[in-house]
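Listed here are the chains, written in short residue letters.
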There are 2 protein chains.
Amino acid sequence: MHVDAIVKDLLGRQTEIINRLCSFLRLPSVSTDPAFAGGMRAAQTFLTDWLNSMGLRDVQLLDGGGHPAVYGAWTGAPGKPTLLIYGHYDVQPPDPQEDWITPPFEPTIRDGRLYARGASDDKGSTAIALETIAAFLRGRGSCPVNVKVFLEGEEEINSPSLRTIVGLYGDLLQADGMISTDDSRMHSTVPTINVALRGIVEFEFSLRTADKDLHSGLYGGAVRNAVHEMARVIASLHDEDGAIAVPGLLPPVSSVSQSARDETAKFPFDESNFVKDVGARINGEPGFSTRERLTLRPSLDINGVWGGYIGNGSKTVIPSTAHAKLSLRTVPGQDTRQVLDSLKAHLLKVCAPDVKLLIDDLGTGSRAYYLPTGHPLLIAAKRVLSGAGQEPVLVRLGASIPITAIFEELLGIQTLMFGFALSDEDIHAPNEFFRLASLADGLSAWPRLLEQVGELSADEFRSIAAVAADKAQQFHPRVAPDSGATEPGSAS
Amino acid sequence: MHVDAIVKDLLGRQTEIINRLCSFLRLPSVSTDPAFAGGMRAAQTFLTDWLNSMGLRDVQLLDGGGHPAVYGAWTGAPGKPTLLIYGHYDVQPPDPQEDWITPPFEPTIRDGRLYARGASDDKGSTAIALETIAAFLRGRGSCPVNVKVFLEGEEEINSPSLRTIVGLYGDLLQADGMISTDDSRMHSTVPTINVALRGIVEFEFSLRTADKDLHSGLYGGAVRNAVHEMARVIASLHDEDGAIAVPGLLPPVSSVSQSARDETAKFPFDESNFVKDVGARINGEPGFSTRERLTLRPSLDINGVWGGYIGNGSKTVIPSTAHAKLSLRTVPGQDTRQVLDSLKAHLLKVCAPDVKLLIDDLGTGSRAYYLPTGHPLLIAAKRVLSGAGQEPVLVRLGASIPITAIFEELLGIQTLMFGFALSDEDIHAPNEFFRLASLADGLSAWPRLLEQVGELSADEFRSIAAVAADKAQQFHPRVAPDSGATEPGSAS
């Protein structure tokens, strides 16, 4: 059965496919809240049943001590490449529930959009991948490549047991590459492929200036205030333009290759709409375009700050402690340990000597990721998405997806991100939705992608991947895996 | 009956007086919590019965729409000064109840201390004043001065209806001066008189940099972060030493009189213990001692700050809003409106033009207060407390008590603070207590104070007070009452 027929079959069965996706969306698989344990188990059962019914083997739960991953494989194509297919079945909490127009776990179609928690992140794209495999097995009795489906259950809670699972089931997970469904497209009409991700390091830090909050009538004017100290520290992190001012965090401007800047310029990025939509104010490192700042340069943000009395009305205390959550987005080539050390050294330096600084490293985060230009998965994706004379634009994401770095580090495999969500679908927010048009786009592209990869033998795939990796190494030398900060982290 | 006999009578009846105080303390008169409405009513009944039984006239509840004040007068000394006697019968909530060694509304004596909610703030000192009046009326059939007892029921909740009550019952409350029992002594052996209070202005402000929190993976490096902007604003409020850096907030150093500095130096202040006890770090305006910074100079504190994600774990948002609670302690002579304007102008100036600043004036606060050196109430208090060759030390408080400013503004009368609490008696906290030794101190001093004031005729009292006020005006010119910020506020 020709791949065009597989696609036609899938597109002809969209009602059935949407219904199955709705069944999946009805299961409240919220990983962060024990109250939803039943929803998590229901989703596991739903997926194992589905994987079994489509003909995958070895279907099982991979338990790493937390919510298990769902696994199933089809390895009936000897000599062909083996691909891990990554998705996740857990979803964000639905709060605030009252802001949903229709309930988060009652999928509803309005204006060509399927509204439900998890529709865009990541059940919609996960379903596209699974329907594709099922269609090949049903229509052709085989897949163009060997596939190992790996559906994580803790993506929304920073993947706490992902490293354990990969360690325990490393043999089962051996593959030549990975395709991840957990990805969003940058543009609804211009085809794009995400080839890079920023990394992330994050920690909390606290300042202490006294044993307890003090009465400002009794101490005001004579003692340090932890919030004032915190303000001074945070203000030292950036210069007036908004550029990072911490020594050691900004790679030299010369490290940004012209080809990366050229690729970035190709992406149709509407700066005025970018900020207008959200009422934001442009601010950042001089010498770079907004899009370059977002993807080719690190960024440093305080994600939250608190200290003193924050209830209703007033309370005239001098806060004794202040707390901040900090995250740094790194770019490929940056050493996680070195940037962490630079950050901590800076905080120590700018704190007054009598102020106590406590750094609480959450141990989360991930290195930046880069899929080399000549990688066979990237070549295949480019072919699939090239249509009507339009080459797909290679884009880099400002966000971080730790699984790419984890699978690269632990299994030596690289990831093509090939999801069909769009970036405006209110993931993690009320009224999350997935476009039905995206479902059709995905059901057209996924079979062709697997078919394209299947034109290579496993050996060919591996040698092309190795050459591409060597070449990339010249641009972004990778540092040795650093145990400290390359822990599982939120795909965030 | 000589005043010495009155004192002897009071000291001889301490058991009876403690028992009556215990009956008062057993009534859970928590003003903030409707669950204690019965306790409030019981305290009102207890006090009206007591005032009636001791021979006061016009005993009544003064209703301003909230918890009423209890009032009673004895005006049988024509030609003598008339004094308002201020106390409050409401108390703080007892929470956390589990931290009390004995229940908060079961008064218990341990080691010479009477433990109960309200014992120190302010039922103990209120009882001293009432027992004194009763002893005069019982022993002598008259008081040395005319007295109008005014016992507030909303002191612990920012006196929301105090202005209304004073407005409605202004005629009833006419007096030549006021003595407040709501006061704490700075030292257990060195006699002190509190002659000044700092004022307070407070507001919340918020900065907005976007319509909603943004994902740092999608916007990081290219847009403003409200927490960064807030840090810059807060950091601009003080210089490196901790001195206020906002133009218009610090009165010139020359405005601090040498006599005030001399008086301040007389108070035995142990700076190392002051900070050691609470683990605080000294910091403040150069050129002033710690004690001077606390009482003679304004202080500016951020009492609380919050913005972005402050829950457990991490969330990689770029906060779109950040909030801060700010309070400024002012010193006598500062114009509340002018300092508010200076503060707001500074915030506007240091905010980036594209950042939205919102100021939410809580309408609370009070002006600084100063009892002039030559005021007849102060002269009387000094005489009473001078003993064993030890002149009482005039101290200034860093804290603020709005009623002093309110009675000065609305009734033109000035207040002597003459309470017998000590500042370590865990008011507003579990295991509040009042020292029985303080009860005896108060029962010795109060009759002598009234007697001393009664040596003046009303006319003499008024003319001495007027001269003192004129003189003070030269040092601390008072501004016209400013309606905006001189609202009832917490005695804080």
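Residues numbered from 1 in each chain as written. Chains lettered and ligands numbered in written order. Predicted model: local features only at pLDDT ≥ 70, side-chain atom pairs only at ≥ 80, totals over all residues. Heavy atoms only, no water.

- Chain A has the name Dipeptidase in an unreviewed UniProt entry, where Mesorhizobium atlanticum is given as its organism.

### Description of the overall build of chain A
So, step 1. On a plain count of helices and strands, chain A comes out with 15 helices and 20 strands.
So, step 2. A compact globule built from 492 residues should have a C-alpha radius of gyration of about 23 Å, and chain A, at 24 Å, falls within 12% of that.
So, step 3. With respect to the principal axes defined by its C-alpha atoms, chain A has extents near 80 × 50 × 45 Å.
So, step 4. Buried residues in chain A amount to 61% of all 492 residues.
So, step 5. Pairs at least 24 residues apart make up 81% of the contacts formed inside chain A by residues separated by at least 6 positions.
So, step 6. When the accessible surface of chain A is summed, it comes to about 17600 Å², and 51% of that surface belongs to carbon and sulfur atoms. (Helix = DSSP H or I, 4+ residues; strand = E, 2+ residues; numbered from the N terminus. Rg over C-alpha atoms; globule rule 2.2 N^0.38 Å. Buried < 20%, exposed > 50% of the residue type's maximum accessible area, 1.4 Å probe, protein only. Contact = heavy atoms within 4.5 Å. Areas by Shrake-Rupley, 256 points an atom, 1.4 Å probe, with all protein chains shown as cover.)

### Details of the pairing of strand S3 (residues 82-88) of chain B
In the case of a regular strand, side chains alternate between the two sheet surfaces.
Residues and elements named next belong to chain B.
So, step 1. Across the 7 residues that make up S3, a large majority, 7, are buried.
So, step 2. Burial of the side chains of S3 extends over both faces: Thr82, Leu84, Tyr86 and His88 are buried on one face and Leu83, Ile85 and Gly87 on the other.
So, step 3. Relative to strand S6 (residues 146-152), S3 is paired through 7 bridges, and the arrangement is parallel. Bridge pairing links His88 to Glu152 in S6. (Pairing = 2+ DSSP bridges.)

### Side note on the side chain of Thr48 of chain A
Residue and element names in this part refer to chain A.
So, step 1. Considering the arrangement of structural elements, one finds Thr48 in helix H3 (residues 37-54).
So, step 2. Judged by relative accessible area, which is 15%, Thr48 ranks as buried.
So, step 3. Within the local environment of Thr48, its side chain forms a polar contact with the backbone oxygen of Thr45, the two atoms lying 3.1 Å apart. (Polar contact = N/O pair within 3.5 Å; in protein donor to acceptor, adjacent residues only side chain to side chain.)

### Some words on the relation of the copies chain B and chain A
So, step 1. Mapping chain B onto chain A calls for a screw motion: a turn of 179° about the axis and a shift of 1.1 Å along it, with 1.0 Å RMSD after fitting. In the structure described here, the two chain copies are related by an operation that fits a two-fold rotation axis. (Least-squares fit on C-alpha atoms with pLDDT ≥ 70 in both.)

### So, the packing of helix H1 (residues 3-12) of chain B against helix H14 (residues 436-453) of chain B
When two helices pack together, their arrangement is given by the angle between the helix axes and the distance between those axes.
Residue and element names in this part refer to chain B.
So, step 1. Running from amino to carboxyl end, H1 crosses H14 at an angle of 155°, the nearest separation of the two axes being 9 Å. When the interaxial angle is binned, H1 and H14 end up roughly antiparallel. Handedness of the H1/H14 crossing: right-handed. Packed against H1, whose contacting residues are Val3, Asp4, Ile6, Val7, Leu10 and Leu11, the element H14 presents Ala440, Leu443, Ser444, Pro447, Arg448 and Glu451 at the interface.
So, step 2. When its residues are assigned to classes, the contact of H1 with H14 shows 8 nonpolar, 1 polar and 3 charged. (Axes fitted to C-alpha atoms, helices over the stretch in contact; angles between N-to-C directions. Parallel < 35°, antiparallel > 145°, perpendicular 65-115°, else oblique. Left-handed = near helix turned anticlockwise from the far one by under 90°. Nonpolar A, V, L, I, M, F, W, Y, C, P; charged D, E, K, R; others polar.)

### Quick look at the interface of chain B and chain A
So, step 1. Taken together, the contact between chain B and chain A spans 76 residues of the former and 76 residues of the latter.
So, step 2. Of the roughly 5800 Å² buried between chain B and chain A, counting both surfaces, carbon and sulfur atoms make up 52%.
So, step 3. Area buried by chain B at its contact with chain A is led by Val278, Arg281 and Asn303 of chain B, which between them contribute 12% of it.
So, step 4. Across the chain B-chain A interface, the total number found is 0 salt bridges. (Buried area = accessible area lost by both parts, 1.4 Å probe. Salt bridge = Lys/Arg side-chain N within 4 Å of Asp/Glu carboxyl O.)

### Digging into the side chain of His228 of chain A
So, step 1. Residue placement: His228 of chain A occurs in helix H7 (residues 226-235).
So, step 2. A polar contact of 3.0 Å, which involves the side chain of His228 of chain A, links it to the backbone nitrogen of Ile302 of chain B.
So, step 3. His228 of chain A has contacts with Ile234, His238, Leu300, Asp301 and Ile302 of chain B, leaving out every residue within four places of it along the chain.

### Brief notes about the packing of helix H3 (residues 37-54) of chain B against helix H4 (residues 119-139) of chain B
Residue and element names in this part refer to chain B.
So, step 1. Put simply, H3 and H4 touch, their axes get as near as 9 Å, and they point 25° apart. The orientation of H3 with respect to H4, classified from their angle, is roughly parallel. Across from Leu47, Trp50, Leu51 and Met54 in H3, the residues of H4 making contact are Ala127, Leu130, Glu131, Ile133, Ala134 and Leu137.
So, step 2. Partitioning the contact of H3 with H4 into residue classes produces 9 nonpolar, no polar and 1 charged.

### As for the pattern of salt bridges
Residues and elements named next belong to chain A.
So, step 1. Using the criterion set out here, one finds 44 salt bridges over all chains in the structure.
So, step 2. Between Glu409 and Arg163 there is a salt bridge, with its nearest N and O atoms 3.0 Å apart. Note that Glu409 is positioned in helix H13 (residues 402-411) and Arg163 in helix H5 (residues 162-168), a separation of 246 residues in sequence.
So, step 3. Of the residues examined, Glu409 reaches a relative accessible area of 22% and is grouped as partly exposed.
So, step 4. Its salt-bridge partner being Arg261, residue Glu292 comes within 2.9 Å of it at the nearest N-O pair. On the criterion of sequence distance, the pair formed by Glu292 in helix H10 (residues 290-295) and Arg261 in helix H8 (residues 258-266) is long-range, its members being 31 residues apart.
So, step 5. Take Glu292: its relative accessible area is 8%, and that puts it in the buried class.

### Thoughts on a negative patch on the surface
So, step 1. Among the surface-exposed residues, Asp33, Asp95, Glu98 and Asp99 of chain A lie close enough to one another that they form a single negatively charged patch.
So, step 2. As for its position among the elements, Asp95 of chain A is in the loop between strand S3 (82-88) and strand S4 (108-110). (Patch = residues over 30% accessible without salt bridge, like charges linked within 9 Å, V, L, I, M, F, W, Y side chains within 5 Å. Lys, Arg positive; Asp, Glu negative; His and termini not counted. Charge placed at Lys NZ, Arg CZ, Asp CG, Glu CD.)

### A closer look at the nonpolar core
Burial of nonpolar side chains together is a common tendency in soluble globular proteins.
So, step 1. In this structure, Ile133, Phe150, Ile179, Phe407 and Phe418 of chain A are the most contacted members of the largest nonpolar core, which totals 94 residues.
So, step 2. In terms of residues, this core owes the most to one element, helix H4 (residues 119-139) of chain A, which gives 10 residues.
So, step 3. Excluding its chain neighbours within four sequence positions, the residues that come into contact with Ile133 of chain A are Met54, Leu56, Ile85, Cys143, Val147, Val149 and Leu450 of chain A.
So, step 4. Counting 90 residues, the second-largest nonpolar core is a separate cluster that includes Leu27, Leu62, Leu436 and Trp446 of chain B. (Core = buried A, V, L, I, M, F, W, Y, C linked by side-chain atoms within 4.5 Å.)

### Regarding the domain arrangement of chain A
Residue and element names in this part refer to chain A.
So, step 1. Each assigned domain of chain A is listed here: domain 1 (3-196 + 368-475) and domain 2 (199-251 + 298-366).
So, step 2. Between domain 1 and domain 2, roughly 620 Å² of surface is buried when both sides are summed, and carbon and sulfur atoms account for 60% of that area.
So, step 3. The interface formed by domain 1 and domain 2 includes 0 salt bridges.
So, step 4. Joining domain 1 to domain 2, the criterion identifies 2 residue pairs in polar contact (both at pLDDT 80 or more). (Domains from an automatic or database assignment.)

### Examining the sheet that holds strand S5 (residues 113-115) of chain A
All names here are of chain A.
So, step 1. Spatially, the 3 strands line up as an open sheet ordered S4-S5-S20, and their pairing is antiparallel. Each of the sheet's edge strands pairs with one partner strand only, and the pair in question is S4 and strand S20 (433-435). Across the sheet, the mean angle separating the axes of adjacent strands is 30° when strand polarity is ignored.
So, step 2. Pairing geometry for S4 and S5, over 3 bridges, is antiparallel.

### Notes on the sheet that holds strand S9 (residues 192-197) of chain B
All names here are of chain B.
So, step 1. Judged by pairing direction, the sheet is mixed, and its 3 strands sit side by side in the order S16-S9-S17 without closing on themselves. Every other strand in the sheet has two partners, leaving strand S16 (369-370) and strand S17 (393-397) as the edge strands with one partner each.
So, step 2. In the sheet, S9 pairs with S17 via 5 bridges, with the strands oriented parallel. Its bridge partner lying in S17, Leu197 is registered against Leu397.
So, step 3. Across the face of the sheet, helix H12 (residues 376-385) comes into contact with S9 and S17 while running at roughly 155° to S9.

### Quick word on the packing of aromatic side chains
So, step 1. Per the counting criterion, the structure on display carries 22 aromatic pairs over all chains.
So, step 2. Judged by centre distance (4.6 Å) and plane angle (20°), the rings of Phe274 of chain A and Tyr219 of chain B are stacked. Of this pair, Phe274 of chain A sits in helix H9 (residues 271-276) while Tyr219 of chain B sits in helix H6 (residues 216-219), each in a different chain. Each member of the pair, Phe274 of chain A together with Tyr219 of chain B, is buried.
So, step 3. Judged by centre distance (6.3 Å) and plane angle (25°), the rings of Tyr86 of chain B and Phe150 of chain B are stacked. Here Tyr86 of chain B is found in strand S3, whereas its partner Phe150 of chain B is found in strand S6, with 64 residues between them in sequence.
So, step 4. For Tyr86 of chain B, a relative accessible area of 1% translates into the label buried.
So, step 5. In this structure, Arg110 of chain B is placed above the aromatic ring of Tyr115 of chain B, and the distance from its NZ or CZ to the ring centre is 4.0 Å. (Phe/Tyr/Trp six-rings, centres within 6.5 Å; stacked < 30°, edge-to-face > 60°. Lys NZ or Arg CZ within 6 Å of the ring centre and 35° of its normal.)

### Observations regarding H3 of chain B
So, step 1. Across its 18 residues, H3 of chain B extends 26 Å between first and last C-alpha, which sits within 8% of the 26 Å expected from 1.5 Å per residue.
So, step 2. Positive backbone phi, approximately 105°, marks Gly55 of chain B, located one or two places after H3 of chain B. (Expected span 1.5 Å × (residues − 1).)

### With respect to the UniProt feature "domain: Peptidase M20 dimerisation" (unreviewed entry) in chain A
So, step 1. Residues annotated by UniProt as "domain: Peptidase M20 dimerisation" (unreviewed entry) correspond here to residues 196-352 of chain A.
So, step 2. This span, residues 196-352 of chain A, is 32% helix and 23% strand, and a straight line between its end C-alpha atoms measures 39 Å. (UniProt positions renumbered as here; feature names shortened; annotations may be inferred.)

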